[in-house]
Amino acid sequence: MAEWFATGRIVDAILVLVAAEAAMLLAFRWRTGRGPAPVPLLCNLVSGAALMLAVRAALVQSPWPVVAGWMLVSLGAHLGDLVPRLRNPAGLTLRRTSLPGVPGTSDAAAAFNARPRS
């Protein structure tokens, strides 16, 4: 296992899993029309993959500009995901909004005010 870290193969294995995740999510979206939007999904995954490649470069003792370069790629992909969200206030919610008229859980709900049975 130590060799996997020393050679950076652990990062290669994780990147294969990330690529499989992307393929499955995009295929799910294509078949059902549901799931994450492709561009934000890919920006998010590319950002994480670039950070992992920076870690890999550090593990195999690459020159610092290589590590910094992967970190800059990650920043660019992260901004590609973040900037559209900041321009669209609804995008900051990650599309997780409560439905109007549907009661939620609060301290005013009966579950919070019920007395335990003795």
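Here the structure is a predicted model, which means the values were calculated and not measured.

**Student:** Looking at this structure, how should I read the overall build of the protein?
**Tutor:** The helix and strand inventory of the protein stands at five helices and zero strands. Tracing the protein from N to C terminus, the helices and strands come up as α-α-α-α-α. Within the span of the protein, comprising 118 residues, buried residues form 17% of the whole. Across the protein, every contact between residues at least 6 apart in sequence was considered, and the portion connecting residues at least 24 apart equals 48%.

**Student:** Looking at this model, I keep getting lost on the pattern of salt bridges. Mind explaining?
**Tutor:** Where side chains of opposite charge bring their charged atoms close, a pairing between them can arise. Under the defined criterion, the tally for this structure stands at three salt bridges. Among the ionic pairs, D12 bridges to R56, the shortest N-O distance being 2.8 Å. Within this pair, whereas D12 is found in helix α2 (residues 9–32), its partner R56 is found in helix α3 (residues 38–59), the two being separated by 44 residues in sequence. With a relative accessible area of 29%, D12 lands in the partly exposed category.

**Student:** Is there a simple way to think about α3 in this case?
**Tutor:** Between its terminal C-alpha atoms α3 stretches 31 Å, which fits the 32 Å expected from 22 residues at 1.5 Å a residue. Three or more residues of α3 are buried, namely L41, C43, L45, S47, A49, A50, M52, A54 and A57. Among the structural elements, α2 and α4 (64–87) are those in contact with the buried residues of α3. Q61, located one to two residues past α3, shows a positive phi value of around 60 degrees.

**Student:** I would appreciate a short explanation of the environment of G80 in the present structure.
**Tutor:** The topology assignment puts G80 in helix α4. We classify G80 as partly exposed; its relative accessible area is 31%. Placed 36 residues apart in sequence, G80 and N44 show a C-alpha to C-alpha distance of 8.4 Å.

**Student:** Before we go on, may I ask you to explain the nonpolar core in this structure?
**Tutor:** Looking at soluble globular proteins, one finds that nonpolar side chains tend to be buried together. Judged by nonpolar contacts, I10, V11, L15, V18, A22, L41, L45, A49 and M52 together constitute the single largest core of nine residues. For this core, the secondary-structure elements that each account for two or more residues are α2 and α3. The dominant element in this core, judged by the number of residues it contributes, is α2, at five residues. In this structure, V18 is in contact with L45 and M52, ignoring residues within four places of it in sequence.

**Student:** Just to check I follow, could you spell out the packing of α3 against α4 for this structure?
**Tutor:** Angle between the axes and distance between the axes: these two values describe a pair of packed helices. Between α3 and α4, whose axes approach to 8 Å, the crossing angle comes to 165 degrees. With respect to their mutual orientation, α3 and α4 come out roughly antiparallel. Both α3 and α4 take part in a crossing whose hand is left-handed. In contact with P40, C43, N44, V46, S47, A50, L51, L53, A54, A57 and A58 of α3, α4 contributes V66, V67, W70, M71, V73, S74, A77, H78, G80 and D81.

The rules behind the values
Residues numbered from 1 in each chain as written. Predicted model: local features only at pLDDT ≥ 70, side-chain atom pairs only at ≥ 80, totals over all residues. Heavy atoms only, no water. Helix = DSSP H or I, 4+ residues; strand = E, 2+ residues; numbered from the N terminus. Buried < 20%, exposed > 50% of the residue type's maximum accessible area, 1.4 Å probe, protein only. Contact = heavy atoms within 4.5 Å. Salt bridge = Lys/Arg side-chain N within 4 Å of Asp/Glu carboxyl O. Expected span 1.5 Å × (residues − 1). Core = buried A, V, L, I, M, F, W, Y, C linked by side-chain atoms within 4.5 Å. Axes fitted to C-alpha atoms, helices over the stretch in contact; angles between N-to-C directions. Parallel < 35°, antiparallel > 145°, perpendicular 65-115°, else oblique. Left-handed = near helix turned anticlockwise from the far one by under 90°.

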